[in-house]
Amino acid sequence: MKAFYCLVLFSLLTFTVSAQDKSEVQPEKEKFSMKVLKDSLDGKLDLSDFLISYHGFIPVIQLITEPALGGIGAMFTPVFIQPNKVHEKGKYIPPNITAGFIGYSANKSWGGGAMRSASLPKQHLKYKVGGGYGDMNMDFFRNFPVIGEKQLGLNFNSAIFFGNILREVGDTDLYFGLQYLFLHNKVKPEFDLTELPDFIDDKTLNNKLSNVGVNMQYDKRDNVFTPNKGLYFTSAFRVNASWTGSDYDYRNWNITALQYFQLKPKWVSGFRFEGNLQFGDAPFYMEPGVNLRGVPMARYQGQETYVVETEQRYDFTKRWSAVAFVGAAKAPTKEVSFIDSELIYNYGTGFRYLIARKFNMRTGIDVAWSNEDFGWYIVFGSAWNNRN
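Residues numbered from 1 in each chain as written. Predicted model: local features only at pLDDT ≥ 70, side-chain atom pairs only at ≥ 80, totals over all residues. Heavy atoms only, no water.

**A word on the environment of lysine 126**
Line of reasoning, step 1. If you trace the backbone, lysine 126 turns up in strand β5 (residues 125-144).
Line of reasoning, step 2. A relative accessible area of 24% means that lysine 126 is categorised as partly exposed.
Line of reasoning, step 3. The spacing of lysine 126 and glycine 177 is 51 residues in sequence and 9.4 Å in space, taken between C-alpha atoms.
Line of reasoning, step 4. Among all residues touching lysine 126, those that are not within four sequence positions of it are Ala118, Ser119, Asn164, Ile165, Leu166, Tyr175 and Gln217.
Line of reasoning, step 5. Separated by 3.2 Å, the side chains of lysine 126 and glutamine 217 make a polar contact. (Helix = DSSP H or I, 4+ residues; strand = E, 2+ residues; numbered from the N terminus. Buried < 20%, exposed > 50% of the residue type's maximum accessible area, 1.4 Å probe, protein only. Contact = heavy atoms within 4.5 Å. Polar contact = N/O pair within 3.5 Å; in protein donor to acceptor, adjacent residues only side chain to side chain.)

Right, here's the structure in full:
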């Protein structure tokens, strides 16, 4: 389920692009020419004019490289983009976006769905809504008294619906609001144990989760795609209970902070902190998991997770950049304290190409290593956008 939810979030957060104001008088669209794929300034490959001149529908084929989904796969995402009609001087207002997706990965996981993200600046409102269905194969890891760590394969048939609505406080870029998530899960074990572990019961195999939450967001980044400076902070508290329509009773509190500094014109330094806390009894596959490049999504889980990571980007030219990153995390459980829990780390490198100069959107590939795993990722915008 987490893979499916992340997949939905991934399809939105990695493919958003800006667009020009429809309220302006538009020139008659010319017939398509390969010249539109080159920047008018340097003649290099650039999609800015293509996105502006042919906005509304962008067919995107994206590789799935998440280790927890088999390491390779493909996702087709048609993205519909509508520029916001309201513009405020000195303030960035993202376009309204409607995206669909369908994907398939090497371990026979597949899913499809749609999402819309939009803002109403005059009313100081923004919202997201989406839904879909997935048939996902996921591996979870658990320690057993005699046999030690065991990899457990599970198949998830999951239907999802989610949405939120946030209102800005004055003109502060600070938003508060409500969010909702509904999941119906049917789970089938696909491992060779003679009997089910005690943390898997009938309710775990067929259940519905329905949570209501409060959300706060603050965003002062100079760009939502590939930021050079600014702060992004979000916090959400979510409740699953009988009164929300859930089969389980537990709460989650999530905090994410991203800070970017432009130390020199060509050097961007980014820092990330993420904390997830869970209270109550949730199904084991809904426990927080460490979220780092190079670490499979369900590899390290606990009642709490704490992640710190830094990424350094250096722009060698206007178009080409190199990145390097390193991070650390812990996932304490009820049985193991923060001090005694295993230190999880990652490190890696990658490159970026400025694919859309007018939107400051960079794309590239990252390779990452962790305690026992390796992963590679195709990145559009910021890798941290894909994770939050």
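**Considering the nonpolar core**
Line of reasoning, step 1. Within the largest apolar cluster, 26 residues are counted, with the highest numbers of intra-cluster contacts made by Phe140, Phe156 and Tyr285.
Line of reasoning, step 2. Mapped by element, the contributors of at least two residues to this core are β5, β6 (148-168) and β7 (174-189).
Line of reasoning, step 3. In terms of residue count, the dominant contributor to this core is β6 (four residues). (Core = buried A, V, L, I, M, F, W, Y, C linked by side-chain atoms within 4.5 Å.)

**Side note on a nonpolar patch on the surface**
Line of reasoning, step 1. A cluster of nonpolar residues, Ile165, Leu178, Val214, Phe237, Trp253 and Phe279, forms a patch on the protein surface that exposes about 530 Å² of accessible area.
Line of reasoning, step 2. On the secondary structure map, phenylalanine 237 appears in strand β9 (residues 230-240).
Line of reasoning, step 3. Owing to a relative accessible area of 33%, phenylalanine 237 belongs among the partly exposed residues under this scheme. (Patch = residues over 30% accessible without salt bridge, like charges linked within 9 Å, V, L, I, M, F, W, Y side chains within 5 Å. Areas by Shrake-Rupley, 256 points an atom, 1.4 Å probe, with all protein chains shown as cover. Salt bridge = Lys/Arg side-chain N within 4 Å of Asp/Glu carboxyl O.)

**Points about the pattern of salt bridges**
Line of reasoning, step 1. Applying the stated rule across the entire model yields 20 salt bridges.
Line of reasoning, step 2. Of the charged contacts, one joins arginine 319 and aspartate 39 as a salt bridge, the two residues approaching to 2.7 Å between their closest N and O atoms. Of this pair, arginine 319 sits in the loop between β12 (304-315) and β13 (320-330) while aspartate 39 sits in the loop between α1 (2-13) and α2 (48-53), and the two are 280 residues apart along the sequence. Here arginine 319 matches aspartate 39 in class, with each residue buried.
Line of reasoning, step 3. Taken together, the shared-partner salt bridges in this structure form one network comprising Arg272, Glu274, Arg293, Glu309, Glu311, Arg352 and Asp366.

**Some points on empty space enclosed by the protein**
Line of reasoning, step 1. All chains considered together, the criterion is met by two cavities of 30 Å³ or more.
Line of reasoning, step 2. Contributing to the lining of the largest cavity are 13 residues, with Thr226, Pro227, Tyr260, Glu311 and Arg313 lying nearest its centre.
Line of reasoning, step 3. At the level of secondary structure, the elements contributing two or more residues to the lining of the largest cavity comprise β11 (267-281) and β12.
Line of reasoning, step 4. Considering every element that reaches the lining of the largest cavity, the biggest residue donor is β12, with three residues.
Line of reasoning, step 5. When its residues are assigned to classes, the lining of the largest cavity shows five nonpolar, five polar and three charged. (1 Å grid on protein atoms, 1.4 Å probe; cavity = no way out; pocket = protein on both sides within 12 Å on 5 of 7 lines; lining within 4 Å. Points joined across faces, edges and corners; volume = space filled by probe spheres on them. Nonpolar A, V, L, I, M, F, W, Y, C, P; charged D, E, K, R; others polar.)

**Overview of unusual backbone geometry**
Line of reasoning, step 1. One non-glycine residue, lysine 108, lies in the positive phi region at around 70°.
Line of reasoning, step 2. You can see lysine 108 is positioned in the loop between β3 (96-105) and β4 (110-120).
Line of reasoning, step 3. At histidine 124, a residue that is not glycine, the phi angle is positive and equals roughly 60°.
Line of reasoning, step 4. The residue histidine 124 is located in the loop between β4 and β5 in this model.

**A short note on the packing of aromatic side chains**
Line of reasoning, step 1. Counted according to the given criterion, the structure contains 12 aromatic pairs.
Line of reasoning, step 2. Both rings, one in tyrosine 347 and one in tryptophan 369, keep their centres 5.7 Å apart while their planes meet at 15°; by these two values the pair is stacked. With tyrosine 347 in strand β14 (residues 344-356) and tryptophan 369 in strand β15 (residues 361-370), the pair connects residues that are 22 residues apart, well separated along the chain.
Line of reasoning, step 3. These aromatic residues form a ring-pair network of at least three members: Tyr345, Tyr347, Trp369 and Phe374.
Line of reasoning, step 4. Between lysine 126 and the ring centre of tyrosine 175, over which it is positioned, the NZ or CZ distance is 4.3 Å. (Phe/Tyr/Trp six-rings, centres within 6.5 Å; stacked < 30°, edge-to-face > 60°. Lys NZ or Arg CZ within 6 Å of the ring centre and 35° of its normal.)

**A look at the side chain of lysine 330**
Line of reasoning, step 1. You can see lysine 330 is positioned in strand β13.
Line of reasoning, step 2. In this structure lysine 330 is buried but unpaired, with aspartate 340 as the nearest side chain of opposite charge at 7.2 Å.
Line of reasoning, step 3. A polar contact is formed between the side chain of lysine 330 and the backbone oxygen of phenylalanine 338, at a distance of 2.9 Å.
Line of reasoning, step 4. A polar contact of 3.2 Å, which involves the side chain of lysine 330, links it to the backbone oxygen of isoleucine 339.
Line of reasoning, step 5. Apart from residues no more than four positions distant in its own chain, lysine 330 is found in contact with Val290, Glu304, Thr305, Tyr306, Phe338, Ile339, Ser341, Glu342, Leu343 and Ile344. (Lys, Arg positive; Asp, Glu negative; His and termini not counted.)

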